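The lines below spell out each chain.
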Amino acid sequence: MLRKSLTIALTTTALTATAAWAEDVTLTIESWRNDDLTLWQDKIIPAFEAKHPGIKVKFTPSAPAEYNAVLNSKLDAGSAGDLITCRPFDASLALFEAGHLADLDDMEAMNNFSDVAKSAWQTDDGSASFCVPMASVIHGFIYNADAFAELGIDAPETEAEFFAALDKIREDGTYIPMAMGTNDQWEAATMGYNNIGPNYWKGEEGRRALIAGEQKLTDEAWTAPYATLAKWAPYLGDGYEAQTYPDSQNLFTLGRAAIYPAGSWEISGFNTQADFQMGAFKPPVQNAGDTCYISDHTDIGIGMNAATDHPEAAKTFLAWVGSPEFASIFGNALPGFFPLSKEPVELADPLAKEFVSWRGECESTIRSTYQILSRGTPNLENETWGASVAAIKGTASPEELGAKLQDGLASWYAPQQ
Amino acid sequence: MTKPRVRWHIAVFLAPAVLIYSAVMIFPLFNTLRLALYSRVDQERIFTGLDNFRTLFFDPIWAEQFWNALGNNFWFFLVHMLVQNPIGIALAAILSHPRLRFAALYRSAIFIPTILSFVIIGFAWKLILSPIWGIAPSMLDAVGLKSLFAPWLGKEEYALTTLALISVWQFVGIPMMLIYAALLSIPEEILEAGEIDGITGLAAFWKIKLPLILPSIGIISILTFVGNFNAFDLIYASQGALAGPDYSTDILGTFMYRTFFGFQLQLGDPHMGSAIAGAMFAIILVGVCIYLFGIQTRMRRYQL
């Protein structure tokens, strides 16, 4: 009791003392995107502050690898910022369930986003959303347009054309047909399996069926991408087994490789590194005219610390993040990270424009392993890395890989049992 | 009769070391072991006894990973024992030869990698062995042996041995220095006495020096054992937490890290992680005990 009245007394004095400048609220943003610090300081924050006098915003990123741990301890200690940049899926869901993130379902700005966009920051039943989607990355293939012109190849549309193009590059011998290695493992799964896969499992349809337990990883739709990956090996460079992710990037930007299985986050880096024309094509479909599916993977969101002192100001900022103005600033400053709002954003970068244009032609989905399915042990995402590498190296058949993954998933995931 | 004086100074002098050691070593050790007996269910920590250990040893998925890591760890240790320590002893024997010139230079050159960071070693060797930019393929090419080159770090069958040999390259200086010091402490008179009896050269090494440095070799073996079963950095720096390709370089340290702190979408599980750490502790403890009670007490010592 005494403590309470003391607090009130203190607050009152504090209020009277600061009444003269109390309107200025400072919001602090927690983030792992320390690469984007200048972008926030020079473009995003000034644009927001100009529209909303009285709210000051501070962007305080930490190192990506430490972010989750740092954030968790700050939240537990009550010293975390007012706004929290959200990792997709389980990491943020755990924060919501622990009561650290506020429910944002009643915010009007949330209607600017599609269900796929919101799925990364929702409870499993979709009843509560806790982060405003900020950006996604799209998978596809980036190619050396000068090399394609020199060899007389057009960007392939179908799988047959894709392998014909690879054959032609290999016969010519000037370029390594495709720059990808298996040393770091994740490229094989992320830029291989989850890049070409949605065309086989029909995007959201297959992904949701897998979560519901209606499809199995041993089904044709889920093993066929491994069979295709197995055909990639001869087109990868010599010693691809020990080739790392930066090796692949360098091989491509130095002009030694013709095709790069990519995620759109590469765009800004490649723009500064490569001195040749680049183009992009979407994951090839089996037959011309088939519906195409792309991995349009939700990557960054932003939510509100449930314990913030300034919920109104924080909501104002979140509403602005959901607005077209933010989408246009963010999308153009970071080509390759695409705003998720329903309203299309006009992008200036030609390569980014190509990537984002696929949203109009194809059905969007997210990476198959990210929602719910990577919660248990063995971890499906990590297992998929290994399986994709094994498929490319040919150490196991697609059916064996499917069976192994299915066994692992079924061991802890009830709908698959 | 006077009471024996309380010797306060003993407590005072011991206190700093005991306090610091307890705070940073003993307490965390027992706390980790305690953590292994709990589990988190629905945001709450509950006591589960030895359940985590049962999962680790008998659940097929966990057990497979654990035995794989343990087996890899033994191979890692074996390579060190069979390559690092004999080479270290040989180098020390050569260095202690009185007529060797530039001995100090060689000694420093061989010892320097030991003081480098694992991250530097990992990256440097990854670049040297890189099939794309590395100098290993071009050097082999220059002597006409290009066909022997393989992307070693990327092949399941070679990766662990390659990393073990990199680690040997880094740490060969330690057994060398310890043996070198032991060799220098052998008095000249003994060797001269041997010479009079007709034992010279290589025979002197096998019959006089080696028995005298055996205790040092024992110490080196146990240091290697503890170091290898606690190893983590080199594998993590060069192959990442998944210890690829296909877990072929996964050792207990990387397995523990991945489980404890989580990786990519895998959330960390401090309780299972502690169980693995507990198992590592037990393995090292057993190994050290075998050495201390089984080997060291039986070793013959010579008064020099």
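As recorded in an unreviewed UniProt entry, chain B goes by the name Lactose transport system permease protein LacF, listed as coming from Phaeobacter italicus. Under the Sequence similarities (unreviewed entry) heading, UniProt states for chain B: "Belongs to the binding-protein-dependent transport system permease family." Reading the Subcellular location (unreviewed entry) entry of the UniProt record for chain B gives the comment "Cell membrane".

A.B. asks: So, the overall build of chain A: which residues are in play, and what are the values?
C.D. replies: Summing up its helical and strand segments, chain A has 18 helices and ten strands in all. Classification of the 417 residues of chain A by burial places 58% in the buried group. Counting only contacts in chain A whose residues sit at least 6 apart along the sequence, the fraction spanning at least 24 positions is 77%. With an accessible surface of roughly 16900 Å², chain A has 52% of that area assigned to carbon and sulfur atoms.

A.B. asks: Residue-level account of the pairing of strand β2 (residues 44-47) of chain B, with values.
C.D. replies: Residue and element names in this part refer to chain B. Where strand β1 (residues 38-41) and β2 come together, four bridges link them in antiparallel fashion. If you follow Arg-40 over to β2, its bridge partner there is Arg-45. Where β1 folds back on β2, the antiparallel hairpin that results is connected by two residues, among which Asp-42 adopts a positive phi of roughly 50 degrees.

A.B. asks: Can you break down the UniProt feature "transmembrane region" (unreviewed entry) in chain B residue by residue, with the values?
C.D. replies: All names here are of chain B. The feature "transmembrane region" (unreviewed entry), as given by UniProt, occupies residues 12-30, 74-96, 108-128, 158-183, 212-232 and 275-294 in the numbering adopted here. In this annotation, residues 12-30 is assigned 100% helix and 0% strand; the end-to-end C-alpha distance for the span is 25 Å. Across residues 275-294, the secondary structure splits into 100% helix and 0% strand, with the terminal C-alpha atoms separated by 28 Å.

A.B. asks: Just give me the short version of the interface of chain B and chain A, but keep the residues and values in it.
C.D. replies: Contacts between the two partners involve 25 residues from chain B, matched on the other side by 30 residues from chain A. Summing both sides of the interface, chain B and chain A together bury roughly 2200 Å²; the carbon and sulfur share of this comes to 59%. On the chain B side of the interface with chain A, the three residues burying the most area are B:Ile132, B:Trp133 and B:Leu265, jointly 28% of the side's total. Inspection of the chain B/chain A interface yields two salt bridges.

A.B. asks: Please set out the layout of surface pockets residue by residue, giving values where relevant.
C.D. replies: All names here are of chain B. Each pocket or cavity is described by its volume, and for the second largest pocket that value is around 520 Å³. Together, 20 residues line the second largest pocket, and Ser-96, His-97, Pro-98, Leu-191 and Lys-209 are the ones closest to its centre. Among the elements of the structure, α8 (173-184), α9 (188-196) and α10 (201-229) are those that each provide at least two residues to the lining of the second largest pocket. Looking at the lining of the second largest pocket, the element that brings in the most residues is α10, giving six residues. When grouped by side-chain class, the residues that make up the lining of the second largest pocket number eleven nonpolar, four polar and five charged.

A.B. asks: Explain the domain arrangement of chain A to me, and be specific about the residues and the numbers.
C.D. replies: Residue and element names in this part refer to chain A. What the domain assignment reports for chain A is domain 1 (21-136 + 298-348) and domain 2 (138-296 + 367-416). Computed over C-alpha atoms, the centres of domain 1 and domain 2 are 30 Å apart. Facing the twelve residues of domain 1 at the interface are eleven residues of domain 2. Together domain 1 and domain 2 conceal approximately 1100 Å² of surface at their shared face, both sides included; 54% is due to carbon and sulfur atoms. Where domain 1 meets domain 2, there are two salt bridges. At the junction of domain 1 and domain 2, the tally comes to five residue pairs in polar contact (both at pLDDT 80 or more). Considering only residue class, the side of domain 1 that touches domain 2 consists of six nonpolar, four polar and two charged.

A.B. asks: With reference to specific residues and values, describe the UniProt feature "domain: ABC transmembrane type-1" (unreviewed entry) in chain B.
C.D. replies: UniProt feature "domain: ABC transmembrane type-1" (unreviewed entry): in the numbering of this structure it lies at residues 70-293 of chain B. For residues 70-293 of chain B, the helix share is 74%, the strand share is 2%, and the end-to-end C-alpha distance is 23 Å.

A.B. asks: Provide a residue-level description of the state of the cysteines, including the pertinent values.
C.D. replies: Residue and element names in this part refer to chain A. Counted under the stated rule, the structure contains two disulfides over all chains. Each sulfur in the disulfide pair Cys-292 and Cys-362 lies 2.0 Å from the other. One disulfide, between Cys-292 and Cys-362, carries an S-S torsion of -85 degrees and so falls in the left-handed class. Taken as a pair, Cys-292 in the loop between β7 (278-281) and β8 (293-304) and Cys-362 in the loop between α16 (350-361) and β10 (363-365) lie far apart in primary sequence, 70 residues in all.

A.B. asks: Please give an account of a nonpolar patch on the surface that cites residues and values.
C.D. replies: Side chains of B:Leu19, B:Ile20, B:Tyr21, B:Val24, B:Met25, B:Ile26 and B:Phe30 sit close together on the surface and give an oily, nonpolar patch of about 740 Å² of accessible area. Its place among the elements puts B:Ile26 in helix α1 (residues 8-35).

A.B. asks: Outline the confidence of the model for chain B, supporting the account with residue identities and numerical values.
C.D. replies: The share of residues in chain B with pLDDT of 70 or more is 99%, and the mean pLDDT across the chain is 90. No element of chain B has a lower mean pLDDT than strand β4 (residues 266-267) of chain B, which averages 78, and none a higher one than helix α7 (residues 156-171) of chain B, which averages 95.

A.B. asks: So what's going on with the nonpolar core? Which residues, and what values?
C.D. replies: All names here are of chain A. Counting residues in hydrophobic clusters, the biggest one holds 96 residues, and the most contacted among them are Trp-40, Met-134, Ile-302 and Phe-317. With seven residues, strand β4 (residues 131-144) is the largest single contributor of residues to this core. Mapped onto the domain boundaries, this core takes at least three residues apiece from domain 1 (21-136 + 298-348) and domain 2 (138-296 + 367-416). Ile-302 has contacts with Ile-29, Leu-83, Ile-84, Thr-85, Cys-86, Leu-104, Cys-131, Val-132, Met-134, Phe-317, Leu-318 and Val-321, leaving out every residue within four places of it along the chain.

A.B. asks: Requested: an account of the environment of B:Ile94, with residues and values cited.
C.D. replies: Note that B:Ile94 resides in helix α3 (residues 60-95). Separated by 86 residues in the primary sequence, B:Ile94 and B:Tyr180 have C-alpha atoms spaced 9.2 Å apart.

A.B. asks: Please give an account of the packing of helix α2 (residues 37-51) of chain A against helix α15 (residues 324-333) of chain A that cites residues and values.
C.D. replies: A pair of packed helices can be characterised by two numbers: the angle between their axes and the separation between those axes. All names here are of chain A. Following both chains from N to C, one finds α2 and α15 inclined at 165 degrees, their axes separated by 11 Å at the closest point. As judged from the angle between their axes, α2 and α15 are roughly antiparallel. The handedness of the crossing between α2 and α15 is right-handed. Taking contact as the criterion, the partners of Leu-39, Trp-40, Lys-43, Ile-44, Ala-47 and Lys-51 in α2 are, on α15, Glu-325, Phe-326, Ile-329, Phe-330 and Ala-333. For the contact of α2 with α15, the class distribution of residues is eight nonpolar, no polar and three charged.

A.B. asks: Any chance you could break down the side chain of A:Thr298 for me, citing the residues and the numbers?
C.D. replies: Residue and element names in this part refer to chain A. Looking at where Thr-298 falls in the secondary structure, it is placed in strand β8. On the basis of relative accessible area, Thr-298 is assigned to the buried category, the value being 0%. Not counting residues up to four positions away in its chain, the partners in contact with Thr-298 are Pro-88, Phe-89, Val-116, Ala-117, Ala-120, Trp-121, Ala-135, Ser-136, Leu-340 and Ile-366.

A.B. asks: Can you break down the pattern of salt bridges residue by residue, with the values?
C.D. replies: All names here are of chain A. In this structure the tally under the stated criterion is 16 salt bridges over all chains. The salt bridge involving Lys-74 is made with Glu-30; its shortest N-O contact spans 3.1 Å. Taken together, the residues Lys-74 in helix α3 (residues 67-77) and Glu-30 in strand β1 (residues 25-31) connect sequence positions 44 residues apart. With a relative accessible area of 3%, Glu-30 lands in the buried category. Between Arg-375 and Asp-90 there is a salt bridge; the shortest N-O distance is 3.0 Å. Pair noted here: Arg-375 is in the loop between β10 and α17 (380-393) and Asp-90 is in helix α4 (residues 90-97), with a separation of 285 residues, a long-range link. Classification of Arg-375 by relative accessible area gives partly exposed; the value is 38%. Salt bridges here are not isolated pairs; linked through shared partners, they connect Asp-90, Asp-124 and Arg-375.

A.B. asks: Which residues make up unusual backbone geometry, and what values do they have?
C.D. replies: In this chain, A:Thr377 is followed by A:Pro378 through a cis amide linkage whose omega measures 0 degrees. Turning to its location among the elements, A:Pro378 is positioned in the loop between β10 and α17. In this model, B:Gly244 is joined to B:Pro245 through a cis peptide bond whose omega is -10 degrees. Although it is not a glycine, A:Gln185 adopts a positive phi angle of roughly 70 degrees. Examined against the element boundaries, A:Gln185 turns out to sit in the loop between β5 (176-178) and α8 (186-196). The exposure class of A:Gln185 is buried, given its relative accessible area of 4%. Positive phi, normally seen in glycine, also occurs at A:Lys202, with a value near 55 degrees. Considering the arrangement of structural elements, one finds A:Lys202 in the loop between α9 (198-201) and α10 (203-212).

How each quantity is defined
Residues numbered from 1 in each chain as written. Chains lettered and ligands numbered in written order. Predicted model: local features only at pLDDT ≥ 70, side-chain atom pairs only at ≥ 80, totals over all residues. Heavy atoms only, no water. UniProt positions renumbered as here; feature names shortened; annotations may be inferred. Helix = DSSP H or I, 4+ residues; strand = E, 2+ residues; numbered from the N terminus. Buried < 20%, exposed > 50% of the residue type's maximum accessible area, 1.4 Å probe, protein only. Contact = heavy atoms within 4.5 Å. Areas by Shrake-Rupley, 256 points an atom, 1.4 Å probe, with all protein chains shown as cover. Pairing = 2+ DSSP bridges. Buried area = accessible area lost by both parts, 1.4 Å probe. Salt bridge = Lys/Arg side-chain N within 4 Å of Asp/Glu carboxyl O. 1 Å grid on protein atoms, 1.4 Å probe; cavity = no way out; pocket = protein on both sides within 12 Å on 5 of 7 lines; lining within 4 Å. Points joined across faces, edges and corners; volume = space filled by probe spheres on them. Nonpolar A, V, L, I, M, F, W, Y, C, P; charged D, E, K, R; others polar. Domains from an automatic or database assignment. Polar contact = N/O pair within 3.5 Å; in protein donor to acceptor, adjacent residues only side chain to side chain. Disulfide = S-S within 2.5 Å. Patch = residues over 30% accessible without salt bridge, like charges linked within 9 Å, V, L, I, M, F, W, Y side chains within 5 Å. pLDDT = per-residue confidence, 0-100. Core = buried A, V, L, I, M, F, W, Y, C linked by side-chain atoms within 4.5 Å. Axes fitted to C-alpha atoms, helices over the stretch in contact; angles between N-to-C directions. Parallel < 35°, antiparallel > 145°, perpendicular 65-115°, else oblique. Left-handed = near helix turned anticlockwise from the far one by under 90°.

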